[in-house]
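For reference, the chains in residue letters:
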Amino acid sequence: MTLKDPSWRILAFWGLFALVNSLLFLPNYLSFFDFSGLSSAPTGSWTGRPHLFFQQQSLSLFHLAAELLFLITTFLFVRGSQSKRWLRRLTYTIFILLFLYNLYYEFYRIFYGVAPSFLNDWILWQEVLPIFLKGITASLTLYYVLIFVGIIGLMACFIFLIKKLLQLFEKVAPNKWFRITLGMAWMVVIFFTFIRRAPHPLFAVDWITPRIIQSSTLQGADQYRSISQDTRYNEIMQAKLEEHPDVYLIFVESYGTVATESPELQEWYTDLTERLLDTLGQEGWQICSNYSISPVKGGRSWLAFTSAMSGLKVDNQVQYNDLVRNNFNFPNLPKFFSTQGYQTYRMSTMTNVDTDSLIPTRMINRFWGFNDWITYSDINYQGYQYDYLGGLPDQYALGYFDAQIMQQDDRPHFLFFITMTSHVPWYPPPSVADYWKDLDTVKSGPPLETVGETIERYRLSIDYEFRVLERFIGEKIDDDAIVVLVGDHQPPTLEYKIWEFTDDAATPVHIISKDSAFVQSFAEYGFTPGMMVDHTKVEYMAHQGLFSLLSRQLIQRYGSEASTLPTYYPQGLQIETEEEQ
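It should be emphasised that the depicted structure is a prediction, and the values quoted were computed from it without experimental measurement.

Visitor: An account of the packing of helix 13 (residues 301-310) against helix 14 (residues 317-326) is needed here, citing residue identities and associated values.
Guide: The N-to-C vectors of helix 13 and helix 14 enclose an angle of 45°; their axes lie 11 Å apart at closest approach. Taken together, the axis directions place helix 13 and helix 14 in an arrangement best described as oblique. Every pair of crossing elements has a handedness; the one defined by helix 13 and helix 14 is left-handed. Residues Trp-302, Leu-303, Thr-306 and Ser-310 of helix 13 form the contact with helix 14, whose own contacting residues are Gln-317, Tyr-320 and Leu-323. For the contact of helix 13 with helix 14, the residue count by class is four nonpolar, three polar and no charged.

Visitor: Give me the lowdown on the pairing of strand 9 (residues 506-513), citing residues and values where you can.
Guide: Within strand 9, eight of the eight residues are buried, leaving the element largely enclosed by the surrounding structure. In this sheet, strand 9 lies alongside strand 4 (residues 286-293) in antiparallel orientation, the contact comprising eight bridges. Across the sheet, the residue bridging to Cys-288 is Ile-511, located in strand 9. Taken together, the five bridges between strand 8 (residues 482-487) and strand 9 define a ladder with antiparallel strand orientation. Residue pairing across strands places Ile-482 opposite Ser-513, the latter belonging to strand 9.

Visitor: Account for the side chain of Glu-261, naming residues and giving values.
Guide: Note that Glu-261 resides in helix 11 (residues 257-261). The exposure class of Glu-261 is buried, given its relative accessible area of 7%. The residues contacting Glu-261, other than those within four sequence positions of it, are Gln-266, Tyr-291, Ile-498, Phe-501, Thr-502, Val-533 and His-535.

Visitor: Tell me what's going on with the pairing of strand 8, and back it up with residues and numbers.
Guide: Burial analysis of strand 8 places six of its six residues in the buried class, the great majority of the element. Burial along strand 8 is two-sided: Ile-482, Val-484 and Val-486 facing one way and Val-483, Leu-485 and Gly-487 facing the other are all buried. Alignment of strand 3 (residues 247-252) against strand 8, held across six bridges, turns out to be parallel. Each residue of the ladder has a partner; that of Tyr-248, found in strand 8, is Val-483.

Visitor: Pulling in residues and values, what's your account of the packing of aromatic side chains?
Guide: By the definition in use, this model includes 30 aromatic pairs. Ring plane angle 70° and centroid distance 6.1 Å describe the contact between Tyr-233 and Phe-330, whose orientation is recorded as edge-to-face. With Tyr-233 in the loop between helix 9 (209-215) and helix 10 (234-238) and Phe-330 in the loop between helix 14 and helix 15 (333-339), this pair connects stretches of sequence that are 97 residues apart. For the pair shown, Tyr-233 and Phe-330 are each scored as buried. With 5.0 Å between their ring centres and 80° between their planes, Tyr-525 and Tyr-568 make a pair best called edge-to-face. Of the two residues, Tyr-525 sits in the loop between helix 20 (516-520) and strand 10 (528-529) while Tyr-568 sits in the segment after helix 21 (546-558), which places them 43 residues apart along the sequence. An aromatic cluster is defined as three or more aromatic residues linked by ring pairs; in this entry it consists of Tyr-101, Tyr-104, Tyr-105 and Phe-118. The ring of Trp-86 carries Arg-89 above its face, with NZ or CZ at 5.2 Å from the centroid. The residue whose ring lies beneath Arg-211 is Tyr-105, and the NZ or CZ to ring-centre distance is 4.6 Å.

Basis of the calculations
- Residues numbered from 1 in each chain as written.
- Predicted model: local features only at pLDDT ≥ 70, side-chain atom pairs only at ≥ 80, totals over all residues.
- Heavy atoms only, no water.
- Axes fitted to C-alpha atoms, helices over the stretch in contact; angles between N-to-C directions.
- Helix = DSSP H or I, 4+ residues; strand = E, 2+ residues; numbered from the N terminus.
- Parallel < 35°, antiparallel > 145°, perpendicular 65-115°, else oblique.
- Left-handed = near helix turned anticlockwise from the far one by under 90°.
- Contact = heavy atoms within 4.5 Å.
- Nonpolar A, V, L, I, M, F, W, Y, C, P; charged D, E, K, R; others polar.
- Buried < 20%, exposed > 50% of the residue type's maximum accessible area, 1.4 Å probe, protein only.
- Pairing = 2+ DSSP bridges.
- Phe/Tyr/Trp six-rings, centres within 6.5 Å; stacked < 30°, edge-to-face > 60°.
- Lys NZ or Arg CZ within 6 Å of the ring centre and 35° of its normal.

By themselves, these figures tell us nothing about what the structure is for.
Right, dumping it as structure tokens:
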């Protein structure tokens with residue numbers, strides 16, 4: 001077989017076509033590796049992961065891009081060198097755009113478990129990306145620069161290969177056998193598109209265009225543009241508490257059912273909960289627990305805790321912005337405590353001195369109404385930076401709150417705090433110090449580079465959080481206090497570990513108090529004693545149900561006799577969109 005042999009040219013064309021096609025799906029193949037901690041541990045097998053893609057996309061060994069085949073086929077019907085030149089340039093452009101979209105889509109699928117939205121991400125690009133970029137270290141900056149350079153190099157490679165592919169096409173297109181093989185390729189596309197809809201472990205036909213169209217829309221984007229007129233939560237705000245226990249609402253970053261249900265961590269988690277129950281139980285603390293469905297997976301914590309404290313499901317940035325910017329009079333959990341005479345605090349350490357100024361704190365707090373918003377800059381941490389966003393240990397933050405607020409002010413207080421030390425990529429956590437201020441003297445520590453398997457690093461970070469919380473609850477807070485611990489979302493990229501066991505949006509929620517009547521009152525809503533939850537025997541709550549549930553149980557236990565017991569909304573308030581009205 002010589003270079004001029006038509007059969008060889010046909011084989012060469014389809015071989016090069018397969019290579020170009022495979023490069024288009026390079027992001028899909030990279031999704032089989034774990035990038036949560038920049039490691040390369042495999043996260044699944046070709047056949048062991050669920051069908052998560054839209055349309056015909058599946059975790060198959062080979063994907064055929066129907067759009068690429070369509071672009072090649074159009075050259076059969078184009079006459080004239082000028083028309084072919086423009087079509088060639090269009091092919092380059094479309095192929096690169098399809099690749100970039102596939103890369104973008106896979107990033108979202110891996111980290112967040114959802115399809116991306118152009119509108120939502122344009123807002124995130126403007127509002128959140130500057131904060132992230134301002135906070136990252138030089139080593140991470142170099143890492144992202146190398147990724148960018150690699151993508152540019154790939155695109156140059158694409159153009160070169162497509163040029164060679166089209167040159168081969170010019171030589172084989174008139175050939176009868178080429179037209180037959182092309183027709184057979186289209187029969188495969190039709191078969192896998194319209195007849196065999198189920199995914200196959202070895203082969204799949206992918207239409208990328210429908211996913212691009214889906215990314216151009218955003219369901220429910222207008223739901224919270226103006227909801228201040230909704231009065232259903234007013235009954236909460238009108239109730240009156242006779243007793244005022246301190247309340248701590250603590251969201252544990254990345255604390256999901258991966259920690260409680262995955263086989264690798266079950267033994268550790270059992271030991272952890274038994275230790276906590278024993279230690280805190282000896283001091284009179286009681287715990288009941290359930291699972292709660294978070295509106296997000298793998299990231300965007302602010303949407304998770306906004307849903308919980310507002311009683312509205314907020315799962316995208318458009319909804320979030322509409323809610324906090326346009327509805328300053330809408331009820332929420334911090335405002336409820338304010339009406340009861342509480343001092344309300346929000347403590348945020350997920351930024352650093354450089355990025356604090358980039359967050360529109362005053363505008364956001366017009367919605368929440370916290371008496372004080374404690375930032376990284378206020379805490380003035382001087383010790384070793386344990387992560388790329390300032391590295392302030394959670395023990396230090398809670399120690400600061402104890403010293404500056406709890407010991408200085410006898411008024412009842414409500415604290416909302418989301419932990420930082422358990423944030424991806426799960427750097428080695430600090431040791432729990434005997435005295436929180438001692439952490440200021442620590443000037444060196446574990447290397448910032450991630451070490452060990454991802455699941456082990458994750459375990460260490462969650463273990464650290466509960467050791468800190470165990471000491472905080474057992475030694476710092478008053479006997480009549482109430483602690484609510486909630487996981488914000490599943491740990492990024494590790495959801496697959498619980499796909500066979502439970503909902504991958506579920507996170508634990510724990511109610512902790514020495515008031516047995518208060519703790520036991522949650523049994524009516526699916527909570528069970530202790531920290532272990534049998535997911536087969538309980539009805540999960542939802543994050544957006546927390547506002548009405550917690551306020552209802554507080555009013556039931558500590559409210560005046562004249563107070564009307566408010567309604568519990570398990571799924572939060574259901575707001576019609578403009579399209580539904």
